[in-house]
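Here is how the chains run, residue by residue.
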Amino acid sequence: MSDRPFQSRKPRFQRPHGKSGRRDAHARRPNFEIDTTILYGWHPVAEALRNGRRTIRRLLATENSARRLSEELDAPLPIEPEIVRPDEINRLLEPDAVHQGLYAEADPLPSPKVDTLSGARVVLALDQITDPHNVGAIVRTAAAFDVEAIITTARHSPAATGVLAKSASGGLEHVPFMIVRNLGDTLNALGERGFQRIGLDSSGDASLDEIEIRLPVVLVLGSEGKGLRQRTRDCCDVIGRLDMPGAIKSLNVSNAAAISLYAVVKGAARSTGK
């Protein structure tokens with residue numbers, strides 16, 4: 001990370017209670033509240049610590065990772081880390097999780113609502129995209145394109161925690177999630193507020209770069225296998241497509257998100273003369 005907005009000061013570290021660090025075998029998986037965000041890995045945890053809006057409840061770090069935090073963040077941490085061995089973090093995560101010696105439990109970030117969206121930046125909606133790796137990659141791309149919010153449904157969508165947060169590589173701190181019960185109803189509400197609603201599908205009416213895009217706008221992406229549901233399509237003003245010149249005509253949803261966000265952000269900028 002090149003951004004270092006903090007003042008220099010070394011945090012104090014301490015070991016958790018009990019010198020051996022051994023845990024009860026029955027306590028291998030903690031019982032998290034449903035409102036707890038689990039973050040692990042360097043970028044997710046470091047970005048959360050940089051984020052003044054994120055409340056960290058607990059921070060575990062190996063000695064090397066704690067030292068690196070001290071050197072790279074150059075600031076007092078919002079919470080004092082517990083110094084642990086790598087296997088103590090392993091016990092809290094799924095097998096093969098790459099935690100890089102950092103683990104945090106945090107409060108979820110505030111969620112926007114339809115009437116609090118400014119419409120000055122692109123909004124992204126995900127129609128039952130279920131793979132947390134894909135959603136995490138989309139979040140990272142959304143952060144790169146300065147997306148205002150990501151709309152997902154309460155059901156059939158991965159929570160903004162754990163694997164998703166790791167795949168987002170810190171992007172979760174920059175793009176808030178807006179969790180809704182019914183995506184169609186939310187798209188209708190956005191339409192009433194003047195949002196242009198653009199769905200993306202391989203059978204779209206027009207190539208995405210041919211659509212006249214304006215702000216406020218919401219880009220809607222369908223699930224990995226089924227694409228946009230019919231009700232979701234019906235709630236869009238236009239269905240765009242990505243025309244691929246090569247032999248392969250379909251893309252992974254996270255790759256399609258990157259290309260379509262580029263097109264929509266550029267199109268929206270042209271409409272405002274920026």
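Above: the structure in question.
Read on for a plain summary of the structure. This is a predicted model, so every value here is computed, not measured. (Residues numbered from 1 in each chain as written. Predicted model: local features only at pLDDT ≥ 70, side-chain atom pairs only at ≥ 80, totals over all residues. Heavy atoms only, no water.)

1. A few points about the pattern of salt bridges
Oppositely charged side chains may form a pair once their charged atoms are brought near each other.
No. 1: Summed over the entire model, instances satisfying the criterion amount to 15 salt bridges.
No. 2: With a shortest N-O distance of 2.9 Å, E173 and R54 are connected by a salt bridge. Of this pair, E173 sits in the loop between α5 (162–168) and β7 (177–180) while R54 is found in the loop between α1 (42–50) and β2 (56–61), placing the two residues 119 residues apart along the sequence.
No. 3: D185 is the partner of R231 in a salt bridge, and the nearest nitrogen-oxygen pair spans 3.0 Å. Of the two residues, R231 sits in helix α7 (residues 230–234) while D185 sits in helix α6 (residues 183–192), which places them 46 residues apart along the sequence.
No. 4: Here R231 falls in the partly exposed class, since its relative accessible area comes to 40%.
No. 5: Here the salt bridges share partners, and the residues they tie into one network are D35, R57 and D107. (Salt bridge = Lys/Arg side-chain N within 4 Å of Asp/Glu carboxyl O. Helix = DSSP H or I, 4+ residues; strand = E, 2+ residues; numbered from the N terminus. Buried < 20%, exposed > 50% of the residue type's maximum accessible area, 1.4 Å probe, protein only.)

2. Comments concerning α6
No. 1: For α6, the full list of buried residues reads L183, G184, T186, L187 and L190. The arc that holds every buried residue of α6, seen down its axis, measures 160°, which confines them to one face.
No. 2: The elements touched by buried residues of α6 are β5 (123–126), β6 (149–153), β7, β8 (196–200), β10 (217–221) and α7.
No. 3: The backbone nitrogen of G184 lies 3.0 Å from a side-chain oxygen of the residue at the head of α6, namely N182.
No. 4: Following α6 by one or two positions, G194 has its phi on the positive side, about 95°. (Arc of directions from axis to C-beta. Contact = heavy atoms within 4.5 Å. Polar contact = N/O pair within 3.5 Å; in protein donor to acceptor, adjacent residues only side chain to side chain.)

3. Some details on unusual backbone geometry
No. 1: Residues L215 and P216 are joined by a peptide bond in cis, for which omega reads -5°.
No. 2: Tracing the backbone shows P216 in the loop between β9 (206–207) and β10.
No. 3: Even without glycine at this site, Q128 takes up a positive phi of about 60°.
No. 4: The residue Q128 is located in the loop between β5 and α4 (132–144) in this model.
No. 5: Look at Q128 and you get partly exposed, because its relative accessible area is 21%.
No. 6: Phi at S169 is positive, roughly 50°, even though this residue is not glycine.
No. 7: Inspection of the secondary structure assignment puts S169 in the loop between α5 and β7.
No. 8: Since its relative accessible area comes to 16%, S169 is described here as buried.

Worth remembering: the numbers are spatial, not functional.
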